[in-house]
Amino acid sequence: MGKPESLEETLRKYAASDAYPFHMPGHKRNAKVAGIDTSLDITEITGFDDLYHAEGILKDGQERAAQLYGAGSARYLVNGSTVGNLTAIFASTSDGDRIIMDKDCHRSVYHAAKLRHLNVDYVERPVIIPGIRGSIPPENVDKLLKSHPDTRAVIITSAGYNGVKSDVEKIAHIVHSYGAVLICDEAHGAHFGFCEDYPQSAIKQGADAVVMSLHKTLPAFGQTALLLLNNAKLEENVSRYLDYFQTSSPSYMLMAGIDGCVRFMEDKGTGALKKLSGFVDEFIEMTRDLRNIRIFTRDEAIKAGAYDFDKSRIIILTPGGDGSKIFARLSEQYHIELEAEDDLYLTAISTLCDTAEGFERLAFALKDIDKNY
């Protein structure tokens, strides 16, 4: 028996039918009017389920995503990880509750704390190299919980923007021993857990709720993400607050992209990520002789005290506080656009959609800049 029809296939079949759309969106699936392919862009109509009361194709898709990541359940997010963070925090707390929060959290976590009027205690991270913080020490979480046993939830980021991952399994054990909920913003780790070359996913390490942006590191449309749950008590509240925070008109094109991404990872994810791992290893070899610029590797991160590090995150350490200058040169002279800049380092996101040529271009540019530094 073959796989059930994908959401994209179902949309294409509908687009090819003679059904006339007296419904939103306003382009009426007429590509000639809109100037782009709008044929798959629909609203909730007969046969296409309702994201907030899913009983059919969207329910099946979310169950497929949960199975892929080993979660109790999964929810499609079409407003990015931002809405997942807001939902998870509101679902885990009441107004005025106390929470423990990682200072490296995304701004949406700070927004949730303000909107919920939460009392926040911050857990500290050590600096492992100038400009980059390390993993969250589990003992720091334990110390805060011991001082504030009324804490309802702990929210951490792992891995963060710079690839540093914390010991979620140990932190989860500590948090649960105090009766609190652990929320992990794993927006940058949707590729975790598929092979040993990358860290394990937080959902398999005991976190109650994990937010991950498919679009950051996997082949998926911008603003598509997942909220994974391994806590049945949160289910009802999550449903309520997703309805509060997420658009009431979810894009079926975005949801088809989520479904397609999950199916891709089922079939080809492990092999594609192993191939990426090989590209990264070759890139590190190509740049090993740099004299001024330096690549921050997984081995170096662990040696510096990090629990783990995402090797696909390329951290380029820059000399003399010249990060912004090198960032600009890469863009203007070599036509290479990196993710982020800082005076001390640059961040490049590599994914399973990268090519050997792309890594070679980056290596050449860095060596060219380095020798003429």
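A quick note: this is a predicted structure, and the numbers were derived from the prediction, not measured.

### Concerning helix α4 (residues 80-92)
In step 1: The terminal C-alpha atoms of α4 lie 19 Å apart, and with 13 residues this matches the ideal 18 Å at 1.5 Å per residue to within 8%.
In step 2: With 12 of its 13 residues buried, α4 lies for the most part within the structure.
In step 3: Those residues of α4 that fall on the buried side of the exposure criterion are G80, S81, V83, G84, N85, L86, T87, A88, I89, F90, A91 and S92.

### A short note on the environment of V168
In step 1: By secondary structure assignment, the location of V168 is in helix α7 (residues 168-177).
In step 2: Take V168: its relative accessible area is 0%, and that puts it in the buried class.
In step 3: Not counting residues up to four positions away in its chain, the partners in contact with V168 are I156, S158, L182, A202, Q205 and A207.

### Observations concerning unusual backbone geometry
In step 1: The step from S158 to A159 runs through a cis peptide bond, and the omega angle for that step is -5°.
In step 2: Locating A159 in the fold gives a position in the loop between β6 (153-157) and β7 (164-165).
In step 3: The backbone of D49 sits at a positive phi, close to 65°, despite the residue not being glycine.
In step 4: Looking at where D49 falls in the secondary structure, it is placed in the loop between α2 (31-34) and α3 (57-69).
In step 5: Given the relative accessible area of 17%, D49 is considered buried.
In step 6: Phi is positive for H335, which is not a glycine, with a value near 55°.
In step 7: Looking at where H335 falls in the secondary structure, it is placed in the loop between α12 (323-332) and β14 (340-341).

### Regarding the sheet that holds strand β10 (residues 225-229)
In step 1: One open sheet accounts for 7 strands, arranged β1-β10-β9-β8-β6-β2-β3; its pairing is mixed. The open sheet is flanked by β1 (73-77) and β3 (119-123), the only strands paired with a single partner. On average, each strand axis in the sheet is tilted by 20° relative to the strand beside it, whichever way the strands run.
In step 2: Note: strand β8 (residues 181-185) against strand β9 (residues 209-213), 3 bridges, orientation parallel. Looking across to β9, one finds that I183 is bridged to A209.
In step 3: Running at roughly 120° to β1, α3 makes contact with β1, β9 and β10 of the sheet.
In step 4: With respect to the sheet, helix α9 (residues 235-245) is in contact with β1 and β10, its orientation differing from that of β1 by roughly 5°.

### A look at the packing of α12 against helix α13 (residues 356-371)
In step 1: Where α12 contacts α13, the two axes come as close as 11 Å, and the packing angle between them is 125°. When the axis of α12 is compared with that of α13, the two are oblique. Crossing geometry of α12 relative to α13 is assigned as right-handed. Contact with α12, carried on its side by I326, R329 and L330, involves L362, A365, L366 and I369 of α13 and no other residues of that element.
In step 2: The class makeup of the residues in the contact of α12 with α13 is 6 nonpolar, no polar and 1 charged.

### Looking at helix α6 (residues 138-147)
In step 1: All of the buried residues in α6 are P138, V141, L144 and L145. On an axial view of α6, the arc spanned by its buried residues comes to 125°, and they lie on one face. Facing away from the buried side of α6, by more than 90 degrees, are the exposed residues E139, K143, K146 and S147.

### Brief notes about the packing of aromatic side chains
In step 1: Following the criterion strictly, the structure yields 11 aromatic pairs and no others.
In step 2: Both rings, one in Y110 and one in Y122, keep their centres 6.3 Å apart while their planes meet at 25°; by these two values the pair is stacked. With Y110 in helix α5 (residues 107-115) and Y122 in strand β3, this residue pair connects regions lying 12 residues apart in the sequence.
In step 3: Taking relative accessible area as the criterion, Y110 reaches 31% and is therefore assigned partly exposed.
In step 4: By relative accessible area, which is 34% here, Y122 ends up partly exposed.
In step 5: Taken together, the aromatic side chains of F90, Y241, Y244 and F245 make up a single cluster linked through ring pairs.

### Brief notes about the environment of D102
In step 1: In this fold, D102 is placed in strand β2 (residues 98-102).
In step 2: On a C-alpha basis, the gap between D102 and K216 in space is 21 Å, while along the polypeptide they are 114 residues apart.
In step 3: Each residue touching D102, except ones within four places of it in the same chain, is listed here: Y110, V123, R125, I136, I155, I156 and T157.
In step 4: At 3.0 Å, the side chain of D102 forms a polar contact with the backbone nitrogen of D104.

Thresholds applied
Residues numbered from 1 in each chain as written. Predicted model: local features only at pLDDT ≥ 70, side-chain atom pairs only at ≥ 80, totals over all residues. Heavy atoms only, no water. Helix = DSSP H or I, 4+ residues; strand = E, 2+ residues; numbered from the N terminus. Expected span 1.5 Å × (residues − 1). Buried < 20%, exposed > 50% of the residue type's maximum accessible area, 1.4 Å probe, protein only. Contact = heavy atoms within 4.5 Å. Pairing = 2+ DSSP bridges. Axes fitted to C-alpha atoms, helices over the stretch in contact; angles between N-to-C directions. Parallel < 35°, antiparallel > 145°, perpendicular 65-115°, else oblique. Left-handed = near helix turned anticlockwise from the far one by under 90°. Nonpolar A, V, L, I, M, F, W, Y, C, P; charged D, E, K, R; others polar. Arc of directions from axis to C-beta. Phe/Tyr/Trp six-rings, centres within 6.5 Å; stacked < 30°, edge-to-face > 60°. Polar contact = N/O pair within 3.5 Å; in protein donor to acceptor, adjacent residues only side chain to side chain.

Keep in mind these numbers describe shape, not what the thing actually does.
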